[in-house]
Each structure stands twice: as C-alpha cells, then as structure tokens.
Amino acid sequence: MNAAPERHQLLLAGGGHSHVLVLRRWLMRPRLRPPHTRITLVSRHGTALYSGLLPAVVAGLEAPEAAAIDLRRLCTLAGVTFVQAEITGLDLAARELLLAGRPPLRFDRLSLDLGAVTTTSGWSAGQAMAVKPLEPFLAWAEQRVAGEPLVIRGGGAAAVELALAFRARGMACELLLQGERLNLGSTAANRAAERLLAQAAIPIQRRAPNDAPADLACTGSRAPAWLAAAGLPVDPENGRVLTESSLAVIGHPALFASGDCGLIASDSRPPSGVWAVRAAPVLAENLRRSLAEPARPLRPWRPQARALQMLGDGGWQTGGPRALAFYGPVALGPSAWIWHWKQRIDRAFMARFAELQPMATAAMACRGCAAKLGAAPLAAALARLDPAGPRRPVEDAPVVGTAADGDLLLQSVDGFPALVDDPWLNGRLTSLHACSDLWASGAAVDSVQALVTVPAAAGGIQEELLLQTLAGVRSVLEPLGAALVGGHTLEGRDGAGLALALTVNGRVAPAAHWGKGPLRPGEALLLSRPLGSGVLFAAAMAGAAAPAWMEALLEALQRSQAPLVPLLAAHGCRACTDITGFGLLGHLGEMLEASGAGVAVELEAAAMSAWPGALELLERGFASTLAPANAAALALLEGPVRLVGGSGAGRAALAGLLIDPQTCGPLLAALPAAEAPAALAALRAAGFGAAAVVGRVVSRSGAAAASPAPGG
C-alpha cells in the first residue's frame, strides 16, 4: 500500500545541532515524523561542523572530516529533501524562505536553526577573520603555518581554546581583551584558563584599544540580521529570535527557533551546543504536534540552569593533551583524564551519525542518466521495429529541417527520474544534460519544451515542485538566450516521484555541424571533464560517498558546457559526442560505428581523469545499476579500441570508469592532432581545468594488437 499523499511542507532552515538530531530521531523512529509532510532541509553547506571537535581539528589532533556531519547523507537516509542554498531573508506574509539565486521556498511550518555570526560591535574589526560561521573560519585556519604570529580578540571559552589550539600548531598567539578579565563564566574558570595560557606562553593584552589590529575575532555571536529585518521578535542585544517555552516563535505559531539563533524569552540561556542538543527532542515533538490533524497542544520545555563546559589545551606540551572542566562556580583541571572524557563525549556524538545505515536491505536503483535503458534491449527493439533500417539511431540530435537562412534545425529529447531531491537543482542538471546533445553537434540551443511528472500530493506541494523544477530549467536557458516554450505536466501514480524530460531544439550552420563520425586517422580525442559521476551518485544513495566528493561533483556538474562549442570549433573539431548513459566506451563505440571499419582508437589509461572518489569507490565494489549492462562495451577493448597503459590492481577500477554512466557528462571531441595542444590550453583557460587529450585515432590496419580487456 502506498503512503498517504503529502499535504504539508516543513522547512528546516539551517543544519545546526538541533536540526541534525531531529532528523536522526525521525530516521530512527519514523512513526514520530510529522504526518503527511514533505520535509526539506536548507543549508549553505553540505556538511554541518560539530563545534565540540573544532579546536581539536585546528590543533591537528583530528582530521577535518571527524568534525563534519554529512547533511546530504543524513537527509537521504531520513527521506528528507536537501537544498544547498544561501538563505537571504523571510517573507512572513507569503510564508516563503528567500534564497540567493533561485526562487523562494514556500512552507506551512518553518524551523530555524541557523547558528550565528561573530559580532564585532564595540571595536574595529578591520581585516580580522570571524570565527563564525565555522566553515570559512576552518578553511582559513587550515592555511595558517607554524611560526606565524596570530592575534586573537576575545576572552571567552572559544578564544582561549582556539589560542591554545593554534599554539599547538606552533603559532605565536596573543589574546586581546576588551576588559580586564577573561569571560568563562566564573572566577574559578577564569583563573584556571589564565594559568593554562601562561603555561603555553600566550600573552594577554588587557583593555586593548578598540582599534588594535587582530587576525581572528572570537568576540561573541549574534543571530543573522535578516531575522530581525523580516519582522520577527528578537532580543535587542544579540538578534536571537524570541520564542515561547515550546520553541514556537512569539506571535508566529507556524515558526520555531532553536540553537544559537533562538532564545526562550522567559528562560534565557547563552548560546551553547549543550542547549541546542537538549532542545532537539522537544523541537521534534512540537513540530509533529503542530502538523498533526487536528493540531495538538505543544510541549513546554525548561532548559537546565547550568551546562558542563570542557576546554582542551590542544596538546601543545610534550605530555599530551589536557583539558579543563567548568560547571557553575567549580573548575577542575587541567588534566589528561578530563581531555579523554571530553574526547569520549565528542566522538560519541559524531558516532551517532557516522553509524547510521540505510533502512532498506536491497540496493536502490540509480536515478539520473543511470536510469537509462541498457544498450542491448534498445538495439533489439529498434531492430525489430525496422529490420531494414540501422541498428539504432547514430545521432542523438538529428537534423529535422532547414531554416530560411540555411541553418540546420536539430532536435533532441532526454530526461530521467529526478537525480537529486532538490527540484530546482534537478531541473538545472537535467537541462544541462539534455542540452549537451546539441552542444555535441556544434549547435546552439534556442528553445525547450518540458514534460514534468510530479508525485501525488496536495496541490500546494505540486505547485511548489513544478515552480522549482521549471525555475531550474530556466536558470540554464536564460544565459543561452533560449526559451522555455511549453510542455506538459503529469501526476505520478503508484508512488512515482519527480521526473523531468525535455525536448531541446537548436540550430547550426551546415559547415559547423558535427556528427558522431567519421573519425579519421591522425585525430586526437579530447575529453572535456572527468568521468565517474554514476558511481558517485550510486554510492551517495548508499550513504558511502564522502561529502567533499559530492560537493565537488555537484558544483562542477552545474557548469554549462556551452562555451566549449566555439572553442572546439576554432580548433578544427570534426566529430563529437557527449558521454552519458552508455559510458565512455559505449559512446565511443557509436563514434566508431559512424566511421566505418578502417579506423581504431588508442586510449591512454594515464590520461583518464576521474572525479574525486570515483576510482576509490569502484575499487571498493560500488557501481551504478546501469554499469552491468554497459559492460558489454568492454568487448571493444578486444577489437577497435586499445587501452594503452594501466595495469595491476587499478585496472579493474579503470574498466569500471570506462563504462560508468554519466549525467552531465563530458564532451568527447575529435580534432586534428596538431590542434590538440592549443585546444587543450584554450579549454583550461576557459575554466575547464580537467580537460585532457585521452586518445588518438589510428588506421585499423596500423593499430597495435589489442590489449586484454581490463580485469579479464
């Protein structure tokens, strides 16, 4: 039986500690999820940094990934849509969350857990790096080198702990205080921290002038300014959103706030990860109660009066790391056992997310271009349809007519089940993928029609999915001067999800038109970008792709390859194809099929570029669900294609790379060998830094003996 259609839209704005724990709770206990609700998490980054481990990362005691919660993976496991976007504001009247560079997201309920930004009120920040948001700070911190001086303004726990962490990295640190004393919450804590700083030879400048230069600002935090600008009730001192004890925003029962951006008006507490963690069960329950039909009374919450704080010294001394512990007026340490206690707590928190596994036991079918039908059944069906015709269409963007000015009119169709859950991003990626058929023909895109299938859901949810999808399509077309001229919509039945198909129309002058062949001996084969998107998306569905890999892949795939057309044309491109569902070998086979029996191809194994993580995943046995069908193309390596180089343990992974189905894959262009160096330089200068010459075309009679198939 299919689940009931979704009727409500819940947005979780920000990937703070409260929200990640709420998602984990709903993943582990699905019955506690809000009923009939489409849930979307919006975050600036694909990972959320756990602040408790950040000083250890800065000190070099932990790897950066040890402090990162993979939001994409968590959302995939929890059945939640992940949207990576910069939040810029809030329209309360329209119930819309405003985003940079894309349409707003509409909601029925909105939960805010955005973290905070460093405040610089009362002094001149100058060029000082802010410690919050944490992600840009961590990138900045990784560039610091031993021996470098570092002036930190601030006297709280974060400033002290980071000064000690940087000291452990061999940097000469100094603290600037606005007042006379540190501000760790108690006299005992201040004294213990001052002793620790003195032992580490970190000087303190008290009552530092407001204009004294500093490199790093750890001067307290405030909520993002757009919260107050939206008209929400906020604390005038730090801009935190004022809430009831239920975490519902005062005067706005459809909004909730927690973590560093929220403040219970009747029972305020300073920003702290401890209270953000403790708030998570209350927030999860009250979101469910608010969306119940009928709505149920919300649960009140009173946070504990005090929180245990632990402060590590970064391990700057030869005896190993130590830590202080503060609770109210009591301070303990520094000692090694407190450090081990702190590490145990921090690692246990991160393990709650690293140990999560998909609920399904069977591998999920891949989406995107990996959902393409295999070559064998396609060829067999076409052969039965027209026994006297070609085995299968050679060109993906055939000529359908001639314009009045003599230009050839081309048309292609492409589409697949949604590659990613974010409908705007899916619309953008699908459009870039579909347009590549025309770009591989040397053509310019001038119009598109769209067929959008949305799941069965309430009308408001379908409207939102359709809006975001079409906006993603237009984000590709508008820079091209192309138009979205029409289309059709369908409602998916029997649990079918979002899908998008596009008819793409374009034109090209006859002399500038490229086919898939014929290839000619003496030509070089240039690949515009790396391979491996199929295995990365497959691994991501299984929760096995590192967040940095997916971040790099999705950022790169969103780049249009339209600029390649004039660059390749200027360097004599004569034949081209785009590498999509059948993988490099499958589509290279189509080029050879269009070239006759007299040519062969030599591929350079060392020149094959893979997206970060792709080869590692292939070596670990991951593969797209279309890869087994594509494996038939490996037979080409015993015939017209010779793989030069590549041996040993990595050969099987390379074979997997050559048949990996690609979404928004590279163009494979044939051009005169003499033009290849200049063409490659032009592509790299235009920002296609991973472009590479991967092979050459030779005469079949002159080709060297074929090498064994990889892994065979």
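Residues numbered from 1 in each chain as written. Predicted model: local features only at pLDDT ≥ 70, side-chain atom pairs only at ≥ 80, totals over all residues. Heavy atoms only, no water.

K.L.:
It is not clear to me how the pattern of salt bridges should be interpreted in this structure. Could you clarify?
P.N.:
Opposite charge on two side chains makes pairing possible when the charged atoms of those side chains draw close. Applying the stated criterion across every chain, the model contains 29 salt bridges. A salt bridge links Glu463 to Arg106, with the shortest nitrogen-to-oxygen separation between them at 3.5 Å. Here Glu463 is found in helix α12 (residues 459–480), whereas its partner Arg106 is found in strand β8 (residues 105–106), with 357 residues between them in sequence. Judged by relative accessible area, which is 34%, Arg106 ranks as partly exposed. Ionic contacts of the salt-bridge type, sharing partners, join the residues Asp405, Asp407, Asp446 and Arg507 into one network. (Salt bridge = Lys/Arg side-chain N within 4 Å of Asp/Glu carboxyl O. Helix = DSSP H or I, 4+ residues; strand = E, 2+ residues; numbered from the N terminus. Buried < 20%, exposed > 50% of the residue type's maximum accessible area, 1.4 Å probe, protein only.)

K.L.:
What is the right way to look at the packing of aromatic side chains in this model?
P.N.:
Two measures describe an aromatic ring pair: the distance that separates the ring centres and the angle between the ring planes. A full pass over the atoms with the stated rule returns six aromatic pairs. Measuring from centroid to centroid gives 6.4 Å for Phe137 and Phe166, while their planes differ by 85 degrees, and the two rings are edge-to-face. With Phe137 in helix α4 (residues 134–141) and Phe166 in helix α5 (residues 157–168), this residue pair connects regions lying 29 residues apart in the sequence. Summarising the burial analysis for this pair, Phe137 and Phe166 share the class buried. Taken together, the aromatic side chains of Tyr50, Phe349 and Phe353 make up a single cluster linked through ring pairs. (Phe/Tyr/Trp six-rings, centres within 6.5 Å; stacked < 30°, edge-to-face > 60°.)

K.L.:
Can you help me understand the packing of helix α13 (residues 533–541) against helix α14 (residues 547–557) in this one?
P.N.:
How two helices sit against one another is set out by the angle between their axes and by the gap between those axes. The geometry of α13 relative to α14 is characterised by a closest axis approach of 11 Å and an angle of 130 degrees between their N-to-C directions. Overall, the two elements α13 and α14 adopt an arrangement that is oblique. Relative to α14, α13 is oriented so that their crossing is left-handed. Of α14, the residues touching α13 (which contributes Ser533, Leu536, Phe537 and Ala540) are Trp549, Met550, Leu553, Leu554 and Leu557. Of the residues assigned to the contact of α13 with α14, the class counts are eight nonpolar, one polar and no charged. (Axes fitted to C-alpha atoms, helices over the stretch in contact; angles between N-to-C directions. Parallel < 35°, antiparallel > 145°, perpendicular 65-115°, else oblique. Left-handed = near helix turned anticlockwise from the far one by under 90°. Contact = heavy atoms within 4.5 Å. Nonpolar A, V, L, I, M, F, W, Y, C, P; charged D, E, K, R; others polar.)

K.L.:
I keep staring at the nonpolar core and nothing clicks. Help me out?
P.N.:
Across soluble globular proteins, nonpolar side chains have a tendency to be buried as a group. Of all hydrophobic cores here, the largest spans 98 residues; its most connected members are Leu519, Leu525, Leu584, Leu585, Leu588 and Leu603. With eight residues, helix α11 (residues 423–439) is the largest single contributor of residues to this core. Discounting chain neighbours no more than four positions away, the residues touching Leu603 are Leu584, Leu585, Leu588, Met608, Val641, Arg642, Leu643, Val644, Val694 and Gly695. The next biggest cluster of nonpolar side chains, apart from the first, holds 84 residues, and it includes Leu12, Tyr50, Leu162 and Cys173. (Core = buried A, V, L, I, M, F, W, Y, C linked by side-chain atoms within 4.5 Å.)

K.L.:
Would you mind showing me how to read the pairing of strand β19 (residues 252–257) here?
P.N.:
Look at any regular strand and the pattern is simple: side chains alternate between the two faces of the sheet. Summarising the sheet, strand β9 (residues 109–112) and β19 pair through three bridges and their orientation is parallel. Within β19, the position partnered with Leu112 by the bridge is Ala257. In terms of strand pairing, strand β18 (residues 248–249) meets β19 through two bridges, oriented antiparallel. Paired with Ala248 across the two strands is Phe256, which belongs to β19. In this antiparallel pair of consecutive strands, β18 and β19, the connection spans two residues, and Gly251 shows a positive phi of 80 degrees. (Pairing = 2+ DSSP bridges.)

K.L.:
In this structure, what is going on with the sheet that holds strand β29 (residues 523–527)? I would like to understand it.
P.N.:
What links the strands of a sheet is backbone hydrogen bonding, and the strands pair in either a parallel or an antiparallel sense. Here we have six strands laid out as an open sheet, ordered β30-β33-β29-β34-β31-β32, and mixed in their pairing. At either end of the open sheet lies a strand with only one pairing partner, and these are β30 (575–578) and β32 (641–644). Within this sheet the neighbouring strands show an average axis-to-axis angle of 25 degrees, counted without direction. With four bridges connecting them, strand β31 (residues 599–604) and β32 associate as parallel partners. Within the sheet, the bridge partner assigned to Glu604 lies in β32 and is Val644. Taken strand by strand, helix α16 (residues 583–593) contacts β29, β30, β31, β32 and β33 (667–672), and its axis lies near 155 degrees from that of β31.

K.L.:
It is not clear to me how unusual backbone geometry should be interpreted in this structure. Could you clarify?
P.N.:
Backbone phi values are negative for most residues with the exception of glycine, while trans is the configuration of most peptide bonds. Here the residue pair Glu293 and Pro294 is connected by a cis peptide bond, since its omega of 0 degrees sits within 30 degrees of zero. Considering the arrangement of structural elements, one finds Pro294 in the loop between α8 (273–291) and β21 (309–312). At the junction of Gly517 and Pro518, the peptide bond is cis and its omega measures out at 5 degrees in the coordinates. If you trace the backbone, Pro518 turns up in the loop between β28 (499–508) and β29. Despite not being glycine, Ala201 has its phi angle at roughly 60 degrees, a positive value. Structurally, Ala201 can be placed in the loop between α6 (187–199) and β14 (204–205). Residue Ala201 is classed as exposed on the basis of its relative accessible area of 57%. Residue Leu247 is not a glycine yet carries a positive backbone phi of 80 degrees. Relative to the assigned elements, Leu247 resides in the loop between β17 (241–243) and β18.

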